[in-house]
Amino acid sequence: MTRVLLFGRLSDIAGWRERAIEPEPASLSVLHQTIATLDPILGEALTGPGVQAAVNRILVRGDVALDRGSEVAFMPPMSGG
Amino acid sequence: MEVRLQTAPFDPGDLLSVFCAERRETGAVVSFTGLARADGGTTTTLWLEAYPGFTDLEIERLGRGTIARFSLQDLLVVHRIGAIEPGAPIVFVAAAAAQRRSAFEAVDQLMDYLKSRAPFWKKQSGPDGECWIEPTARDVADAARWD
C-alpha cells in the first residue's frame, strides 16, 4: 500500500488529505498517472507550478522508484511565518 | 537549537526571557515575533498546516545552516500550527551570538527562509470566504538574497 498525503490547496481540490493507493505504483510517475485517472483535476494540479513531492519525508525531483509501503506527499508552494 | 511546532498560543516575552537566561558568553540576542494580521478585517482566522515529521526536520535543517553561516551559539524557533486569531503571535525566532551583527542577520535570513521554504501552508478565512496564501514574488526574492 502506498500512502499519499496532500497538503494546502491540493487537499481542497481532491476532497481528501490522505489515501491508500493499491496496487502499489512502482514509481512516482506511475502514481501520478493512477491519481490522474481517478481524478483528472487533481492530476493536473499535481503538475502545477511549484508543486513538490516528498517520498518517505525526503524531497525528490523528477521521477523516482517507490519502495513498498512508501509515503508520498504532494506539497504546493510553501508559506510559513 | 530547538524547534517547536505547537497549536497552543505562546508569549514571546516569556520565550525571550528564558532564551536569554544564563548566558555568560553571549553578547547579543536578537528575536523576531510574527503576528497574524487582520488585513483590514478581511482575515478573521489564519489556518496553518504543517507536515509533522517533515516540517520540523526541514526547519532543523534550515536552522543548522543558519547556525553555521552566522556562527550562532544558539537558535530557537517556535511556530504555531492550526487556527490562529489576528493579533496572536504565529512565529518566534531568537538567535544568540557573540556579536550583534551576526545575530541580526541570522534572524533575517531564517525568517526569509521560513516564509517560502519551510513546509507550511496558510489559509486565510474571512467574511469573503477562504483562500490559500502562496508566497509572493517578494517572499521568493527575499529568500534568494541569501543564496
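Predicted, not measured: the structure shown is a model, and the values here were computed from it.

It is worth spelling out the overall build of chain A at this point. Helices and strands together make up the secondary structure of chain A, namely 3 helices and 5 strands. Secondary structure elements of chain A occur, N-terminal to C-terminal, as β-α-β-α-α-β-β-β. The C-alpha atoms of chain A give a radius of gyration of 12 Å, which matches the 12 Å a tight globule of 81 residues would have. With respect to the three principal axes, the spread of C-alpha positions in chain A is 35 × 25 × 20 Å. Of all 81 residues assigned to chain A, the portion counted as buried reaches 30%. In chain A, the share of contacts with a sequence separation of at least 24, taken over all contacts with a separation of at least 6, comes to 52%.

So, about the overall build of chain B. A tally of regular secondary structure across chain B gives 4 helices and 8 strands. Tracing chain B from N to C terminus, the helices and strands come up as β-α-β-β-α-β-β-β-α-β-β-α. Taking 2.2 N^0.38 as the reference for a compact globule, 147 residues should give roughly 15 Å; the C-alpha atoms of chain B span a radius of gyration of 16 Å, in line with that estimate. By its C-alpha atoms, chain B is 50 × 35 × 30 Å across when sized along the principal axes. Counting only residues that meet the buried cut, chain B has 32% of its 147 residues in that class. If you take every contact in chain B between residues at least 6 apart in sequence, the share linking residues at least 24 apart comes to 78%.

Let us look at the sheet that holds strand β3 (residues 52-55) of chain A. All names here are of chain A. With mixed pairing, 5 strands are arranged side by side in an open sheet as β2-β1-β5-β3-β4. Each edge of the sheet is formed by a strand with only one pairing partner; in this case those strands are β2 (18-21) and β4 (58-60). Between one strand axis and the next, the sheet turns through 30° on average, direction left out of account. As paired strands, β3 and strand β5 (residues 71-75) are joined by 4 bridges and run antiparallel to one another. Within the sheet, the bridge partner assigned to A54 lies in β5 and is A73.

Of the residues lining the interface, 22 residues belong to chain B; the matching set on chain A comes to 13 residues. The set of elements that each furnish at least two residues to the side of chain B that touches chain A consists of β6 (89-97), α3 (100-117), β7 (120-126) and β8 (129-133) of chain B. Residues that form the side of chain B that touches chain A fall into these classes: 13 nonpolar, 4 polar and 5 charged.

Right, let's get into the confidence of the model for chain A. In the predicted model, chain A carries a mean pLDDT of 96, and 100% of its residues have values of at least 70. Within chain A, the element-level pLDDT minimum falls on β4(A), averaging 95, and the maximum on β5(A), averaging 98.

In this section: α3(B). Residue and element names in this part refer to chain B. Along its 18 residues, α3 runs 25 Å from first to last C-alpha, staying within 8% of the 26 Å computed at 1.5 Å per residue. Along α3, the residues that are buried comprise S102, A103, A106, V107, Q109, L110, Y113, L114, K115, S116 and R117. On its buried face, α3 is in contact with β2 (28-35), α2 (55-70), β6 and α4 (137-144).

The next subject is the nonpolar core. Residue and element names in this part refer to chain B. Grouped together as the largest cluster of nonpolar side chains are 47 residues, with contacts concentrated most on L72, V93, A95, A97 and A106. Broken down by element, the residue count for this core peaks at 8 residues, all from β6. Every residue in contact with A95, bar those within four places of it in the chain, is listed here: V30, L72, L75, A103, A106 and V107.

Attention shifts here to the sheet that holds β7(B). Across a sheet, paired strands are connected by hydrogen bonds in the backbone, their directions being either parallel or antiparallel. Residues and elements named next belong to chain B. Strand order across the open sheet formed by 4 strands is β5-β3-β7-β8, with antiparallel pairing between neighbours. In this open sheet, the two edge strands, each paired with only one partner strand, are β5 (82-84) and β8. Taken over all neighbouring pairs, the strand axes of this sheet differ in orientation by 25° on average, direction set aside. Across 3 bridges, strand β3 (residues 45-50) lies against β5 in antiparallel orientation. The residue bridging L46 from the neighbouring strand is I84, located in β5.

Definitions and cut-offs
- Just so you know, the residues in each chain are numbered from 1, in the order the chain's sequence is written.
- Chains carry letters from A onward and ligands carry numbers from 1 onward, assigned in written order.
- Residue-level local features of this predicted model are given only where pLDDT is at least 70; pairs of side-chain atoms are given and counted only at 80 or more, and the full residue set underlies all totals for whole chains, interfaces and linings.
- Each helix corresponds to a stretch of at least 4 residues labelled H or I by DSSP, and each strand to a stretch of at least 2 residues labelled E; elements are numbered beginning at the N terminus.
- We take the radius of gyration over the C-alpha atoms and set the globule estimate at 2.2 Å times the residue count to the 0.38 power.
- In this scheme the burial state of a residue depends on its C-beta neighbours within 10 Å: 20 or more other such atoms mean buried, 12 or fewer mean exposed, and anything in between means partly exposed; the C-beta positions come from the backbone.
- What counts as a contact is two residues whose backbone-derived C-beta atoms lie within 7 Å of each other.
- We call two strands paired when DSSP finds no fewer than two bridges between them.
- Orientation is described by lines fitted to C-alpha atoms, with helices fitted over the stretch in contact, and by angles between N-to-C directions that extend from 0 to 180 degrees.
- Under the scheme applied, nonpolar residues are Ala, Val, Leu, Ile, Met, Phe, Trp, Tyr, Cys and Pro; charged residues are Asp, Glu, Lys and Arg; polar residues are all the others, including Gly.
- Think of pLDDT as the predictor's per-residue confidence, scored from 0 to 100.
- Helix span, as expected, comes to 1.5 Å for every residue beyond the first.
- By convention the nonpolar core is taken to be a set of buried residues drawn from Ala, Val, Leu, Ile, Met, Phe, Trp, Tyr and Cys and joined through C-beta atoms within 7 Å.

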